[in-house]
Amino acid sequence: MSTACDTSLCLSTEGDSFPDLSHPDGIHARSANDVGTCIGSYRLIKVLGEGGCGTVYLAEQNNLVRRRVALKVMKLGVDARQVVARFEVERQALALLDHPNIAHVYDTGTTEDGRPYFVMEYVAGLFITDYCDRERLTIKDRLNLFTPICDAVYYAHQHGIIHRDLKPSNILVRVRGGEAIPVIIDFGIAKATSQPLTDRTLITSLGQLVGTPAYMSPEQAEMTGIGVDVRSDVYSLGVLLYEILTGRLPLDVANPGKIPLDEMLRMVREGAAPRPSVCVSRLGEKAERICRGRRTEPRALAKRFKRELEWIPLKAIRKEPDQRYQSAADLAQDIRNYLNGVPLLAGPQSLAYRLDKLIKKHLKLVILAEIFAVILITSVSIMFLFVEDYRRRTVQAEASLAELKADLKAVKEQKDQLEVAYLKTRAELDRIGGQRFRKAPQDDRRD
Ligand SMILES: Nc1ncnc2c1ncn2[C@@H]1O[C@H](COP(=O)(O)OP(=O)(O)OP(=O)(O)O)[C@@H](O)[C@H]1O
Ligand SMILES: [Mg+2]
């Protein structure tokens, strides 16, 4: 590495307030020797971290602009020409990426000893998983932190760029003005540094290059490079979401030393992930710590995941790309759907589910409607009873009237009969009276 850069512009590393994100694994001792030296016009200030591909330094750019950058130097043995050539293919598209949640990639080049390097925006922050745990974010806050990441990945996809290596170490959370902003790093770098594989030896060497395959989609684990598209990033986002929610990976492939790489890749292609609610109920002694970090307790967490919330990561990590969310935007949308209480894309298409969601979302309205319905039904019932009573009374009155009419008619008939009888009697009396009157003169003559 060159030491001949212009040191007059270098920033002091004394009293440097940048957080040291590196892990105390001893690797830095070698890389630390490079601190103070220059690569091109970048002076290395300190080691930020070391991944499978190489070492990342905090560096100071001192030619065109003076700024702090992250400089990632690949390991020796990587074909620098190929890496730079592959990077050049996407360089133009990468330059056009302008998103608050995506770190800029400024430059690329080759060191004097033939190692490719990338110059990126420096992001002072923690891995997203560490940030969530340190801040003890609730499930809701974790979801709210995660959705802008999906939006940013979708934005990059719209610009024709697939990340291919989304994982906690590539998503750092920086805090600005009290606001936590997740920033995705390494866009465009995974593609440039990926290598075609032909045999097991190469797979093993790739194992060192790519780190854990835990976030790798099944089609990436095929190692052919065929069939990798935006849905591979959706898969990695699904794994990340699963981990942010449960504190566990969906597939237990995080220990490269313990399981042979080809076995790990087979697990990625074929292994089944437990449902988050089941995963949480199997946490054992870790449950307490994981739940404390989410401000909840084990039973409540398992209940929270049951059904809807676990459908989301499970859909994102389906083995078949066609069965996953078809875009990072759909994944973001479903998280928002969950937070807003509307039916999920990952949910069943049944009317019962949709109706259930509708009722839950508009619970206050539903209660009001129910009260209104009860009042309405009660009033109608009371009115019905009144009407029924009135109808019954009317029928009774009509029956009584009919009876009276019948009685009257009978009385009238009796009266008519009496009249007839009276007239008859009268006529008879008249007739008898007349006879007597006519008889009397004869009697007189006999005397
Ligand atoms: N732009 C950046 N700003 C701040 N820190 C960074 C930046 N890029 C990388 N780092 C730090 O350097 C570390 C190493 O990064 P690197 O990309 O080499 O490895 P990784 O992402 O952890 O794993 P892998 O090599 O498998 O991709 C990261 O974990 C992070 O802490
Ligand atoms: Mg990285």
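In case you missed it, the structure is sitting above this.
Small disclaimer: the values here were computed from a predicted structure and weren't measured.

Asks: Would you explain the overall build of the protein chain in this entry?
Replies: For the protein chain, the count of helices and strands is 16 helices and nine strands. In the protein chain, buried positions account for 31% of the 447 residues. Counting only contacts in the protein chain whose residues sit at least 6 apart along the sequence, the fraction spanning at least 24 positions is 66%.

Asks: Would you take a moment to explain the sheet that holds strand S5 (residues 105-110) for this structure?
Replies: Hydrogen bonds between backbone groups are what pair the strands of a sheet, and the pairing can be parallel or antiparallel. Read from one edge to the other, the open sheet built from six strands follows the order S1-S2-S3-S4-S6-S5, with strand pairing classed as antiparallel. Edge positions in the open sheet fall to strand S1 (38-39) and S5, since each of these has one partner strand only. With five bridges joining them, strand S4 (residues 66-74) and strand S6 (residues 116-121) adopt antiparallel strand pairing. Bridge pairing in S6 links Leu71 to Val119.

Asks: What am I meant to see in the pairing of strand S8 (residues 171-176) here?
Replies: Note on strand geometry: in a regular strand, side chains alternate between the two faces of the sheet. Pairing analysis gives two bridges linking strand S7 (residues 126-127) to S8, with the strands arranged antiparallel. Across the sheet, residue Leu126 finds its bridge partner in S8, namely Val173. Looking at chain direction, S8 and strand S9 (residues 179-184) are connected through six bridges and run antiparallel. Counted as the bridge partner of Ile171 is Ile184 from S9. The turn joining S8 and S9, which pair antiparallel and follow one another in sequence, is formed by two residues; a positive phi near 55° is taken by Gly177.

Asks: Which parts of the structure should I look at to understand the sheet that holds S7?
Replies: Spatial ordering of the open sheet is given by S7-S8-S9, a layout of three strands whose pairing is antiparallel. Every other strand in the sheet has two partners, leaving S7 and S9 as the edge strands with one partner each. Lying over the sheet, helix H4 (residues 139-158) contacts S8 and S9, oriented at roughly 35° with respect to S9.

Asks: Can you help me understand the nonpolar core in this one?
Replies: Generally speaking, soluble globular proteins have nonpolar side chains that are buried together. Leu71 and Leu237 are the most contacted members of the largest nonpolar core, which has 88 residues in total. For this core, the element with the highest residue contribution is helix H8 (residues 230-246), accounting for ten residues.

Asks: What's the story with helix H14 (residues 328-340) in this structure? I'm lost.
Replies: Structural remark: α-helix, 3.6 residues per turn; residues separated by three or four positions point the same way. Given a rise of 1.5 Å per residue, 13 residues ought to cover 18 Å, and the 18 Å separating the end C-alpha atoms of H14 matches this to within 8%. Elements that come into contact with the buried residues of H14 comprise H4, H8 and helix H13 (308-316). Two residues or fewer after H14 comes Gly341, characterised by a positive phi angle close to 70°.

Criteria and cut-off values
- Residues numbered from 1 in each chain as written.
- Chains lettered and ligands numbered in written order.
- Predicted model: local features only at pLDDT ≥ 70, side-chain atom pairs only at ≥ 80, totals over all residues.
- Helix = DSSP H or I, 4+ residues; strand = E, 2+ residues; numbered from the N terminus.
- Buried ≥ 20, exposed ≤ 12 C-beta atoms within 10 Å, placed from the backbone.
- Contact = placed C-beta atoms within 7 Å.
- Pairing = 2+ DSSP bridges.
- Axes fitted to C-alpha atoms, helices over the stretch in contact; angles between N-to-C directions.
- Core = buried A, V, L, I, M, F, W, Y, C linked by C-beta atoms within 7 Å.
- Expected span 1.5 Å × (residues − 1).

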